[in-house]
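Residues per chain, in single letters:
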Amino acid sequence: MKTYENLKTSIENNIYTITINRPDKLNALNRSTVQEIGEAIKEANADNSVAGIILTGEGPKAFAAGADIKEFTGLTKEQGMAMAKAGQDVFFSIENSSKPVIAAVNGFALGGGCELAMACHLRIASENAKFGQPEVNLGLIPGYGGTQRLIKYVGRSKGLELMMTAGMINAQQALELGLVNYIVSLEGLHAKCVEILNEIKTKSPFAIGAVIRAANAYDGTGKGFEAELAEFGKCFASEEIKEGISAFLEKRKPNFK
Ligand code: COA
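Residues numbered from 1 in each chain as written. Predicted model: local features only at pLDDT ≥ 70, side-chain atom pairs only at ≥ 80, totals over all residues. Heavy atoms only, no water.

This structure, assessed with the given rule, holds 15 salt bridges. The salt bridge involving arginine 31 is made with glutamate 71; its shortest N-O contact spans 3.6 Å. On the criterion of sequence distance, the pair formed by arginine 31 in helix α1 (residues 31-46) and glutamate 71 in the loop between β4 (62-64) and α2 (77-95) is long-range, its members being 40 residues apart. When its relative accessible area of 39% is taken as the criterion, arginine 31 is described as partly exposed. Residue glutamate 71 is classed as partly exposed on the basis of its relative accessible area of 23%. Note that glutamate 95 is salt-bridged to lysine 152, the shortest N-O span being 4.0 Å. Remark: lysine 152 occurs in helix α4 (residues 146-154) and glutamate 95 occurs in helix α2; sequence separation between them is 57 residues. For glutamate 95, a relative accessible area of 12% translates into the label buried. Judged by relative accessible area, which is 49%, lysine 152 ranks as partly exposed. (Salt bridge = Lys/Arg side-chain N within 4 Å of Asp/Glu carboxyl O. Helix = DSSP H or I, 4+ residues; strand = E, 2+ residues; numbered from the N terminus. Buried < 20%, exposed > 50% of the residue type's maximum accessible area, 1.4 Å probe, protein only.)

Here it is in structure tokens:
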């Protein structure tokens, strides 16, 4: 495994865990951390033994309290755009990961931290988790996909309210808005993510990747149906459908490689 300056990574029972390791800065996402997250996602996807990925923050207080505000000082318009582009690209690589990525949100998920959680496929929150897009406090807007993904998850009305008021919501409110899948205790957070990935692990990895690709093609215009057709067709060309169907007909559990 590669070693990273700002991340701790591990593989256990086919699950690759990425832990943002800047707890004294509430895991603020400086540029090198964002870049390293991209590298770790790539590493996890390239490793055939990995079935799923958990992304979390070190310590009991923060998943990530946003982009590192210190790095904003003195940026030009072009440098600001380049910074956002680099972040958006890494966050797209998470969203487009063919292996499921779960955000284990263990505290503050603010600004870029909330955007990072939203780029993951599922979000499990600890009871102390807090979400928000406070960028307007700084004279900024979300730049790592937040203006788009927040609207998608919570709707335009609530999304605009959160972004314009810079208000924070707690885990229960995030659950009610559909932003998170479950709330668990901080101590039980990793175990809950492992439980979900262990369930997903028993399914066809090809089909899981196809579900992600088809779901990511949803854009509200109906174009995603074409992606669904293509992905549905591709499943018939994979080896895994043979195993899945044989197992059903033979009344046994499928054994996907
Ligand atoms: N960028 C850089 N450093 C950050 C940071 C960020 N986004 N968020 C927290 N930190 C640093 C603080 O500067 C502090 O560092 P220091 O000890 O060297 O002074 C350390 O993390 C602890 O943060 P602190 O503010 O003392 O903790 P708190 O419990 O009092 O407050 C927050 C927690 C999350 C409410 C507060 O840190 C905060 O508002 N952070 C910024 C959130 C934000 O605006 N994010 C969007 C950025 S675009």
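Moving on to the domain arrangement of the chain. When the parts come together, some accessible area is lost, and that loss is often what is quoted as the size of the interface. If you check the domain split of the chain, you get domain 1 (7-200) and domain 2 (205-249). For domain 1 versus domain 2, the separation of C-alpha centres amounts to 26 Å. The interface of domain 1 with domain 2 comprises 8 residues on the first partner and 5 residues on the second. Taken over both partners, the interface formed by domain 1 and domain 2 buries close to 450 Å², and the fraction arising from carbon and sulfur atoms is 64%. Across the contact surface, domain 1 and domain 2 share 0 salt bridges. At the boundary of domain 1 with domain 2, the tally comes to 2 residue pairs in polar contact (both at pLDDT 80 or more). Partitioning the side of domain 1 that touches domain 2 into residue classes produces 2 nonpolar, 4 polar and 2 charged. (Domains from an automatic or database assignment. Contact = heavy atoms within 4.5 Å. Buried area = accessible area lost by both parts, 1.4 Å probe. Polar contact = N/O pair within 3.5 Å; in protein donor to acceptor, adjacent residues only side chain to side chain. Nonpolar A, V, L, I, M, F, W, Y, C, P; charged D, E, K, R; others polar.)

Where α1 meets α2, the closest approach of the two axes is 9 Å, and the angle between their N-to-C directions is 25 degrees. Classified by the interaxial angle, the pair formed by α1 and α2 is roughly parallel. You can see that α1 and α2 cross each other, and the crossing is left-handed. Contact residues: α1 offers Arg31, Val34, Ile37, Gly38 and Ile41, while α2 offers Met83, Gly87, Val90, Phe91, Ser93 and Ile94. Its residues assigned to classes, the contact of α1 with α2 comprises 7 nonpolar, 3 polar and 1 charged. (Axes fitted to C-alpha atoms, helices over the stretch in contact; angles between N-to-C directions. Parallel < 35°, antiparallel > 145°, perpendicular 65-115°, else oblique. Left-handed = near helix turned anticlockwise from the far one by under 90°.)

The next point concerns the site of the ligand. Neighbouring the ligand are 17 residues; Lys25, Lys61, Ala65, Ala67 and Ile69 lie closest to it. One of the side-chain nitrogen or oxygen atoms of lysine 61 is found 2.6 Å away from an oxygen atom of the ligand. For the shell around the ligand, the class distribution of residues is 10 nonpolar, 2 polar and 5 charged. (Near = heavy atom within 4 Å.)

What follows concerns the sheet that holds strand β1 (residues 7-12). The strand order across the open sheet built from 6 strands is β1-β2-β3-β5-β7-β10, with neighbouring strands paired in mixed fashion. The open sheet has two free edges, formed respectively by β1 and β10 (182-184), since each of these has just one partner strand. Pairwise comparison of adjacent strand axes, ignoring direction, gives a mean angle of 20 degrees for this sheet. With 6 bridges connecting them, β1 and strand β2 (residues 15-20) associate as antiparallel partners. Paired with isoleucine 11 across the bridge in β2 is tyrosine 16. Each of β2, β3 (52-57), β5 (101-105), β7 (122-126) and β10 is contacted by helix α7 (residues 189-201), which is oriented at about 155 degrees to β7, the strand it contacts most. (Pairing = 2+ DSSP bridges.)

So, about the sheet that holds β4. If you trace the 4 strands from one edge of the open sheet to the other, you get β4-β6-β8-β9, paired in mixed fashion. Strands with a single pairing partner mark the edges of an open sheet, and in this sheet they are β4 and β9 (168-170). Averaged over all adjacent pairs, the angle separating strand axes in this sheet is 20 degrees, with direction ignored. Across 3 bridges, the pairing between strand β8 (residues 130-132) and β9 is antiparallel. Each bridged residue has a counterpart across the sheet, and for lysine 130 the counterpart in β9 is asparagine 170. Packed on one face of the sheet, helix α3 (residues 112-119) meets β4, β6 (108-110) and β8 and runs near 95 degrees to β6.

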